[in-house]
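# Notes for the structure review
Residues per chain, in single letters:
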Amino acid sequence: MYKSVIRSTVGRQLTATAARPVAVRSYASAHAAPQPFNWEDPLNAASLFTEEELAISETAEAYCQERMLPRVLQAYRDENYDKKILEEMGELGLLGATIKGYDCAGVSNVASGLITKAVERVDSGYRSGMSVQSSLVMGGIDDFGTQEQKDKFLPKMAKGKLLGAFGLTEPNHGSDPGSMETTAKPHPTKKGYYSLSGAKTWITNSPIADVLIVWAKLQETGKIRGFLVERSECPPGTLETPAIKDKNGLRASLTGMIQLDECPVPEANMFPDVEGLRGPFTCLNSARYGIAWGTIGALEDCISRARTYALERKQFKGNPIAKYQLVQKKLADATTDAAFGTLAAVQVGRLKDEGLAAPEMISMIKRQNCDRALVNARILQEIFGGNAVSDEYGIGRHVANLFVTQTYEGQSDIHALILGRAITGLQAFV
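Summary of the structure given here. (Residues numbered from 1 in each chain as written. Predicted model: local features only at pLDDT ≥ 70, side-chain atom pairs only at ≥ 80, totals over all residues. Heavy atoms only, no water.)

This paragraph deals with the overall build of the protein chain. Scanning the protein chain for helices and strands turns up 11 helices and 11 strands. Radius of gyration (C-alpha) of the protein chain: 22 Å, near the 22 Å computed for a compact globule of 430 residues. In terms of its C-alpha atoms, the protein chain occupies a principal-axis envelope of roughly 80 × 50 × 50 Å. For the protein chain, the proportion of its 430 residues judged to be buried stands at 51%. Accessible area of the protein chain: about 19,600 Å², with a carbon and sulfur share of 53%. A distance of 3 Å separates the average location of the 48 positive side-chain charges in the protein chain from that of its 49 negative side-chain charges. (Helix = DSSP H or I, 4+ residues; strand = E, 2+ residues; numbered from the N terminus. Rg over C-alpha atoms; globule rule 2.2 N^0.38 Å. Buried < 20%, exposed > 50% of the residue type's maximum accessible area, 1.4 Å probe, protein only. Areas by Shrake-Rupley, 256 points an atom, 1.4 Å probe, with all protein chains shown as cover. Lys, Arg positive; Asp, Glu negative; His and termini not counted. Charge placed at Lys NZ, Arg CZ, Asp CG, Glu CD.)

Another aspect to go through is a nonpolar patch on the surface. A cluster of nonpolar side chains, namely Leu417, Phe429 and Val430, defines an oily patch on the protein surface of about 300 Å² accessible area. Following the sequence through the fold, Leu417 ends up in helix 11 (residues 412-424). Judged by its relative accessible area of 31%, Leu417 is partly exposed. (Patch = residues over 30% accessible without salt bridge, like charges linked within 9 Å, V, L, I, M, F, W, Y side chains within 5 Å. Salt bridge = Lys/Arg side-chain N within 4 Å of Asp/Glu carboxyl O.)

For the structure on display, the rule yields 23 salt bridges. As a salt-bridge pair, Arg350 and Glu53 come within 2.8 Å of each other at their nearest N and O atoms. Linking Arg350 in helix 8 (residues 325-353) with Glu53 in helix 2 (residues 51-78), this pair joins segments that are 297 residues apart in sequence. Pair check on accessibility: Arg350 and Glu53 agree, each one buried. A salt bridge links Arg121 to Glu300; the shortest N-O distance between them is 2.9 Å. With Arg121 in helix 4 (residues 109-122) and Glu300 in helix 7 (residues 278-312), this residue pair connects regions lying 179 residues apart in the sequence.

This next bit is on the nonpolar core. Counting 55 residues, the largest nonpolar core has Met89, Tyr126, Ile141, Phe166 and Trp215 as the members making the most contacts within it. Grouped together as the second largest cluster of nonpolar side chains are 24 residues, Ala298, Ala322, Leu331 and Ala388 included. (Core = buried A, V, L, I, M, F, W, Y, C linked by side-chain atoms within 4.5 Å.)

Spelled out as structure tokens, the structure:
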């Protein structure tokens, strides 16, 4: 049974020093015995983690493998997401894990990344549901909300009792959120309220969300502001959140729209100070950091499944296909990219804990880890031959999911342009 170690860290104030492992370095002689190679952790990333981070990783891995993995295949087939999963995560302290206070664990960004990696090792859709709850909604409220908003929403969200969604992407504006058409104007009859109208699409959790962060342009000024829309407070017909069905990927998570028609939202539910795209992009950066960890978890599961299959599958005079060069090269390439991706995520996580992570760093690891995970998963799929088509082998599900991770929260080409701008000083978007 997994250990209840994460919730015990509530209220702990991690310093930059405490977040780093304390290592006593010694210089072994040139004749020391060679160390064994661990294909599951090729570059010994575990040596970079604190004892607390290792314990949190163990707890998350045990929960995900024991409780989530047995459900995922049928959930993917049925395109069904059990919202009780978020309650289970909340009981363990996995939600909003880096937030201090409000019944959140207050752990390091690296610990949070290890949680994300464990969840996406099972399925990207499960990680997506958790990321929206933790990084986009809880993180947004923690960063930009009033004290009243934090007190009202965060404790219940930390327990998974209140579910969130994040409304930025629109039907006509994906990579160009600055052109959003959703508007907010003073409500014509309700003093102290705004009236929101517009549509958002490809919104994870929207069909089941209790509170939705909706980014809208003030009709009077054109400035983008964030609003907390509470489903229970919306009159009939002013808020609809239909599910988007028949997806090819992320079928184990719920995706939908947010449709607003003169929906009244109290001014007290508007984020008070943040304007423009700084608000949504700050939230997205935290989620992108988690994706950089999560996709490596998915890739590691692909490696494990492909290795097991290659050792068991016998062809050509009864040899396991793992004996052959083409198969070994596929495994070597994927294992190398997974190891490098983990180390990059650790480095950015440490810098993030110290307030030293540039947004472009997160663009780099999100882009690289998503791209390499997708490329390698597709190649590892070849090891299964025709059996890869069967969903029972799991590899095809990861491939379909990883295409989505490479596309959302900044498609890889968009992150290339972000990096190109930082390298050259020239804006390629316009």
